[in-house]
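Observations on chain architecture
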Amino acid sequence: MSIRIYNTLTRKKEEFKPQNPPQVKMYTCGVTVYDECHIGHARSLYIFDVIRRYLEYRGLEVNFVRNITDIDDKIINRANELKIDWNELVEKYIDSYKEDLGLLGIQPGILDGKEEPRATRNIPEMIKYIRVLLDKGFAYVTDSGVYFNVRKFKDYGKLSGQSIDQMLNGVRVESDEHKQDPLDFALWKKAKPNEPFWKSPWGDGRPGWHIECSVMSQKFLKADTLDVHAGGRDLIFPHHENEIAQSEALTGKQFAKYWIHHGLLTINGQKMAKSLGNFVTIKDFIKQYQDADILKLFFLTTHYSNPIDYNEDKIEECRKQKESFIDLFYKVNSWKLRKGKSKNPTSKADTDKINSICNKFQEVMDDDFNTPEGLACLFQLLDLGFGFISSDKQEAFNYIKSKLEAFLGIFGVELSLKEIPAEVRQMREDRDKARDEKDFKKADKIRKDLVDRFGLYISDTGGGTSISAVPSQE
Ligand SMILES: [Zn+2]
């Protein structure tokens, strides 16, 4: 086992050594439910799902937690804008988020009851956590809430690699007369009139955003130290820096061994924003393309840590790539049906070729989950597969198919063997049209092409046409 991961904390690629293998405790920051999830969220959800699947493929058992932030300033503001109850807003967007997970085929994390852990369902634990931080002298109470004193935590800034003074200069920090230092952050916010609140020793209020992740990750992974903490690059500072400060101040132990951050998504070179009119939700995408796999292939073309730019040409390219997989799988199946056992045996050289590409796949994926290179291996297998079809090597061909299925499974792309290649669909439509127009010469030619090129036989049925790999018995 030698998986290597780029660790934001050490700014190095390191050999991945979970604390108690084969167990891996992995946490990712989930969504704040105040609006529809967009394709930037999809990247985050998807890429960490791929990493999880790959670790499992390599024999590890991944305990995976992803939270839901269901109370936050954004939620309160949005609910006020819409003049609805914040709870109603949250329930609506949690349902919508779950629907998105289903559309993308993303696996759920560890559940709290039937759902991923929600902030508002873990408030007693947050209060307990804050109380210890106060007892240990890392926090202080003001008229507006409880704050963490970053200057008390000597390692503050270690994740982003900055000193406190650099952070102060480099980032616009909201000034607040209640805070001792502008970088101090709220652990507990007292409720203003008409805001939702929970009871606490420091007055009615709600938890700060950062404390949610510290509490839910440690509670649901049952550990002070996580193996992997993951999230978007935009969360490194201040969110992840603050999670580290609270957690390590509380336990005196390292909070997470490996920090993995994905790059951000732009659209046609621009930041995605509602104000720019270029906001693409997950549901918009699915509505337009009817297919989540091509969005996944698009994400795989760029290493997770790099920025990725979305545009429709790239998606079109990925749609074609998916077609070639369907084409190959389809050919295997129809070919098997019509030919039975092939006469040409698989040579050792054939097997060696296949194995060498498969080894390469593992090598590049072991190297910080290099999906663009991994995808390139899949295309090499694809080419080889088409070659084996032409040379009538069934065994080699089936071997490739099984490997492709396994690797595509890691990428969460599960091609249905019932899917018909676009070209075949088109030929069938053209033939139907020719027949309806009584152009029998053209219809017969397409029929013959289908047999020659795909080994497919078309037959007219009562309600239209059917296509099969064996001639019909009539
Ligand atoms: Zn978080």
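Below: a short report on this structure. Note that the structure is a prediction, hence the values are computed from the model and not measured.

**A closer look at the side chain of K25**
- Relative to the elements of secondary structure, K25 occurs in strand 3 (residues 23-28).
- For the buried residue K25, which engages in no salt bridge, the nearest side chain bearing the opposite charge is D227, 6.7 Å off.
- Side-chain polar atoms of K25 contact the backbone oxygen of L221, separated by 2.7 Å.
- Those residues in contact with K25 that lie beyond four places of it in its chain are N63, L221, K222, A223, L226, D227 and V228.

**Some details on the coordination of the zinc ion**
- The zinc ion binds to the protein through C29 (SG), C213 (SG), H239 (NE2) and E243 (OE); the donor distances cover 2.0 to 2.5 Å.
- Coordination at the zinc ion is irregular: its four donor atoms span angles of 75 to 129 degrees at the metal.
- Going along the chain, you hit the donors of the zinc ion in the pattern C-x183-C-x25-H-x3-E. In this pair, C213 sits in helix 6 (residues 209-221) while H239 sits in helix 7 (residues 236-251), placing the two residues 26 residues apart along the sequence.

**Looking at the layout of surface pockets**
- Approximately 170 Å³ is the volume attributed to the second largest pocket.
- Along the walls of the second largest pocket sit E125, K128, Y129, V132, V215, Q218, K219 and L250, which together make up its complete lining.
- When residues of the lining of the second largest pocket are traced back to their parent elements, those giving at least two are helix 4 (123-135) and helix 6.
- Top element by residues in the lining of the second largest pocket is helix 4. It accounts for four residues.
- A per-class count over the lining of the second largest pocket returns four nonpolar, one polar and three charged.

**What to know about the pattern of salt bridges**
- Here the structure, examined in full by the defined rule, presents 36 salt bridges.
- When the shortest N-O distance is used, the salt bridge between R53 and D49 registers 3.1 Å. Of this pair, R53 and D49 both sit in helix 1 (residues 39-57), four residues apart, which is roughly one turn of that helix. A single burial state applies to R53 and to D49, both of which are buried.
- Ionic contacts of the salt-bridge type, sharing partners, join the residues D70, E91, K98, E115, R118 and R121 into one network.

**Brief notes about empty space enclosed by the protein**
- For the coordinates displayed, the defined rule picks out four cavities of 30 Å³ or more.
- In this structure, the largest cavity encloses a volume near 40 Å³.
- Lining the largest cavity are V31, T32, V33, D35, E36, C37, H41, Y93, S96, Y97 and D100.
- A per-element tally of the lining of the largest cavity places helix 3 (residues 86-104) first, with four residues.

**Brief notes about unusual backbone geometry**
- Going from P21 to P22, the amide bond is cis rather than trans, its omega being 5 degrees.
- Topologically, P22 is positioned in the loop between strand 2 (12-15) and strand 3.
- With omega at 5 degrees, the peptide bond leading from F237 into P238 counts as cis.
- Its place among the elements puts P238 in helix 7.
- A positive phi is found at F369, a non-glycine position, where the angle reads about 55 degrees.
- Inspection of the secondary structure puts F369 in the loop between helix 11 (348-366) and helix 12 (371-390).

**Digging into the sheet that holds strand 4 (residues 61-66)**
- Reading across the sheet, the four strands line up as 4-3-9-10 and stay open at both edges, with parallel pairing between neighbours. Across the chains shown, the open sheet's two edge strands, defined by having one partner strand only, are strand 4 and strand 10 (256-262). Geometrically, the sheet is characterised by an average inter-axis angle of 20 degrees between neighbouring strands, direction not taken into account.
- With six bridges connecting them, strand 3 and strand 4 associate as parallel partners.

**Digging into helix 12**
- Given a rise of 1.5 Å per residue, 20 residues ought to cover 28 Å, and the 29 Å separating the end C-alpha atoms of helix 12 matches this to within 8%.
- Along helix 12, the positions that sit buried rather than exposed are T371, G374, L375, C377, L378, L381, L382, L384, G385, F388 and I389.

**A few points about the environment of A119**
- For A119, the location among the structural elements is in the loop between helix 3 and helix 4.
- Judged by relative accessible area, A119 falls into the buried class, the value being 0%.
- Apart from the residues within four sequence positions on either side, A119 is in contact with I68, D70, I71, M126, E212 and M216.

**So, the packing of aromatic side chains**
- For the structure on display, the rule yields 19 aromatic pairs.
- When the ring of F255 is compared with that of W259, the centres are 6.0 Å apart and the planes differ by 55 degrees; the resulting orientation is tilted.
- Here F298 and Y310 contribute two aromatic rings whose centre-to-centre distance is 5.7 Å and whose plane-to-plane angle is 85 degrees, an arrangement assigned as edge-to-face. Within this pair, whereas F298 is found in helix 9 (residues 293-300), its partner Y310 is found in strand 13 (residues 308-310), the two being separated by twelve residues in sequence.
- Here F298 falls in the buried class, since its relative accessible area comes to 1%.
- Among the aromatic residues, those joined into a ring-pair cluster are Y54, Y57, Y304, F361, F369, F407 and F411.

**Comments concerning the nonpolar core**
- One finds L133, F148, Y156, F285, Y310 and F411 to be the most contacted residues of the largest nonpolar core, which totals 132 residues.
- In terms of residue count, helix 1 provides more of this core than any other element does, ten residues in total.
- If we ignore the near neighbours within four places in the chain, the residues touching L133 are F138, A139, F148, L187, I211, Q246, A249 and L250.
- Counting residues in each nonpolar core, the second largest holds nine residues, with Y330, L450, F454 and I458 among its members.

**Regarding the packing of helix 11 against helix 13 (residues 394-410)**
- Where helix 11 contacts helix 13, the two axes come as close as 10 Å, and the packing angle between them is 10 degrees. In terms of orientation, helix 11 and helix 13 fall into the roughly parallel class. Residue-level inspection shows T351, I354, N355, C358 and F361 of helix 11 in contact with helix 13, the latter providing A396, Y399, I400, K403, F407 and I410.
- Class assignment of the residues belonging to the contact of helix 11 with helix 13 gives a composition of eight nonpolar, two polar and one charged.

Quick notes on the rules
Residues numbered from 1 in each chain as written. Predicted model: local features only at pLDDT ≥ 70, side-chain atom pairs only at ≥ 80, totals over all residues. Heavy atoms only, no water. Helix = DSSP H or I, 4+ residues; strand = E, 2+ residues; numbered from the N terminus. Buried < 20%, exposed > 50% of the residue type's maximum accessible area, 1.4 Å probe, protein only. Lys, Arg positive; Asp, Glu negative; His and termini not counted. Salt bridge = Lys/Arg side-chain N within 4 Å of Asp/Glu carboxyl O. Polar contact = N/O pair within 3.5 Å; in protein donor to acceptor, adjacent residues only side chain to side chain. Contact = heavy atoms within 4.5 Å. Donors = N, O, S within 2.8 Å, 3.2 Å for Na, K, Ca; no water. Tetrahedral: all angles 85-135°; square planar, octahedral: opposite > 155°, others 65-115°. 1 Å grid on protein atoms, 1.4 Å probe; cavity = no way out; pocket = protein on both sides within 12 Å on 5 of 7 lines; lining within 4 Å. Points joined across faces, edges and corners; volume = space filled by probe spheres on them. Nonpolar A, V, L, I, M, F, W, Y, C, P; charged D, E, K, R; others polar. Pairing = 2+ DSSP bridges. Axes fitted to C-alpha atoms, helices over the stretch in contact; angles between N-to-C directions. Expected span 1.5 Å × (residues − 1). Phe/Tyr/Trp six-rings, centres within 6.5 Å; stacked < 30°, edge-to-face > 60°. Core = buried A, V, L, I, M, F, W, Y, C linked by side-chain atoms within 4.5 Å. Parallel < 35°, antiparallel > 145°, perpendicular 65-115°, else oblique.

Shape is all these values report; function is a separate question.
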